[in-house]
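# Structural features, examined
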Amino acid sequence: ENEEELNNNADNISEDSVTPWCNYKSILIGVVLSMISGALFTANNFVINQFDVVVSDAVLVRCVIQIIIFTFIILYSGDTILPENKKKKLFTVSQGVVGAISFITSLASVSFMPVPDALCIIFACPVVTMVLSAAMLGDRLNSVKCFSRTMLLIGVALVFQPAFLFSNQLSSEGSVSFLLTATSHDGLYYVGVALAGTACLTGGLMDVLIAKCEGVSTPVLVNCAAVSGLIIIVSACQVLQGCRVLSSDIAKISWADWIILIGLALSSLLAFTSMTLALKLISPNLVSSLRTVELILAYGVQALVTKESPDIWSCFGGGLILSGVLMLTFQDKISEIFSVIHVSPYNGFYQTIPAQYGYQRIGD
């Protein structure tokens, strides 16, 4: 009997030692997938902006390729197109529709406004995710989360200095004005603002809805988003002009344009799949926050291309973003450190101890 107890204890110890490593491994994989997703989405935005890609064509090609690939994966693995459970089916369809709207509006926004301005609005979705996670997932809001989100938003604004907050125009005294200087934009710019704002709201909602789809495979989630996107974009092409793939102008599309469209489809497909996998491994709040780090990478690449060094505002903003992400990552440890209670066995004497030790008298 003693030998059996020793063997059981040894098995329990080995399982306990493996579990933390598995948790850290899952977190690391989720972080890497989230950052890959953000980098690919950002690159796609710059390609669309610089090469004047027709957004409807890009979305249409991406959705068709995505449906073909993931329908084959679903059928090959013996999975179902939609889960049988009604509640899971509702969340799966909802995340597909919301994800499609977020993807389409985010791509369309960079066609009407500069990419940095659009990214500043789109990457504010951690704030939306934080509020919706508290309402739908039961995540507890604390001062660390709120403060880190504030740092992220301020850091994003300082790094990219959007035109609606910053201006380098000379004032009447001849000095340079940086903050809150009135700037003039045409109507299309504010169309881009509306589209980017929609992408921000739907992106935060999509993160939470995917987290609610427990037990639903990633191919089913991604395929549902593609079907929703295809239905939306085909309906929009009946009203909007410029779509060449669904018109007689398809024969006029050059090989270079086809390469760009297919490349955008494959890269965005990889980005969306990576983000979906990341949301199954780590918190949706952390996924949204990690993607904001890609803003620093994009700004650095832009500085290398233009051969212009970043100013003090950009460096300070980058530090705020990194600090906000680190605070969000280690929020539990930070909360434990600063969560204290005061106990007093004697009148007029207080001792501060960490909250995890509970209300224990000093004398005990």
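Look up a bit, the structure's there.
Below is a summary of the structure that appears in this document. (Residues numbered from 1 in each chain as written. Predicted model: local features only at pLDDT ≥ 70, side-chain atom pairs only at ≥ 80, totals over all residues. Heavy atoms only, no water.)

### Side note on the pattern of salt bridges
Should the charged atoms of two oppositely charged side chains come close, the side chains can pair. A full pass over the atoms with the stated rule returns 3 salt bridges. The partner of Asp57 in a salt bridge is Arg244, with the nearest N and O atoms 3.4 Å apart. Residue Asp57 is found in helix H2 (residues 55-76), and its partner Arg244 is found in the loop between helix H8 (218-237) and helix H9 (255-281); the two are separated by 187 residues along the sequence. Its relative accessible area of 0% is what places Asp57 among the buried residues. Arg244 gets classed as partly exposed once you look at its relative accessible area, which sits at 22%. (Salt bridge = Lys/Arg side-chain N within 4 Å of Asp/Glu carboxyl O. Helix = DSSP H or I, 4+ residues; strand = E, 2+ residues; numbered from the N terminus. Buried < 20%, exposed > 50% of the residue type's maximum accessible area, 1.4 Å probe, protein only.)

### Notes on unusual backbone geometry
Its identity as a non-glycine residue notwithstanding, Asp52 has a phi of 50 degrees, on the positive side. Considering the arrangement of structural elements, one finds Asp52 in the loop between helix H1 (2-51) and H2.

### A word on the environment of Arg140
Examined against the element boundaries, Arg140 turns out to sit in the loop between helix H5 (125-137) and helix H6 (143-160). Through-space distance from the C-alpha of Arg140 to that of Met130 is 9.3 Å; in sequence the pair is 10 residues apart.

### Quick word on the packing of H2 against H9
At a closest axis distance of 8 Å, the pairing of H2 and H9 adopts a crossing angle of 55 degrees. It follows that H2 is oblique to H9 by the angle criterion. Where H2 crosses over H9, the handedness of that crossing is right-handed. Residues Asp57, Ala58, Val61, Arg62, Ile65, Gln66, Ile69 and Phe70 of H2 lie in contact with H9, whose contacting residues are Trp258, Leu261, Ile262, Leu264, Ala265, Leu266, Ser268, Leu269, Phe272 and Thr273. Across the contact of H2 with H9, the residue classes tally to 13 nonpolar, 3 polar and 2 charged. (Axes fitted to C-alpha atoms, helices over the stretch in contact; angles between N-to-C directions. Parallel < 35°, antiparallel > 145°, perpendicular 65-115°, else oblique. Left-handed = near helix turned anticlockwise from the far one by under 90°. Contact = heavy atoms within 4.5 Å. Nonpolar A, V, L, I, M, F, W, Y, C, P; charged D, E, K, R; others polar.)

### Section: the nonpolar core
Of all hydrophobic cores here, the largest spans 62 residues; its most connected members are Ile48, Val59, Phe272 and Met275. Apart from residues no more than four positions distant in its own chain, Val59 is found in contact with Phe103, Ile104, Leu107 and Ile233. Counting 5 residues, the second largest nonpolar core, distinct from the first, contains Met151, Leu158, Leu320 and Met327. (Core = buried A, V, L, I, M, F, W, Y, C linked by side-chain atoms within 4.5 Å.)

Purely geometric numbers; function is a separate question.
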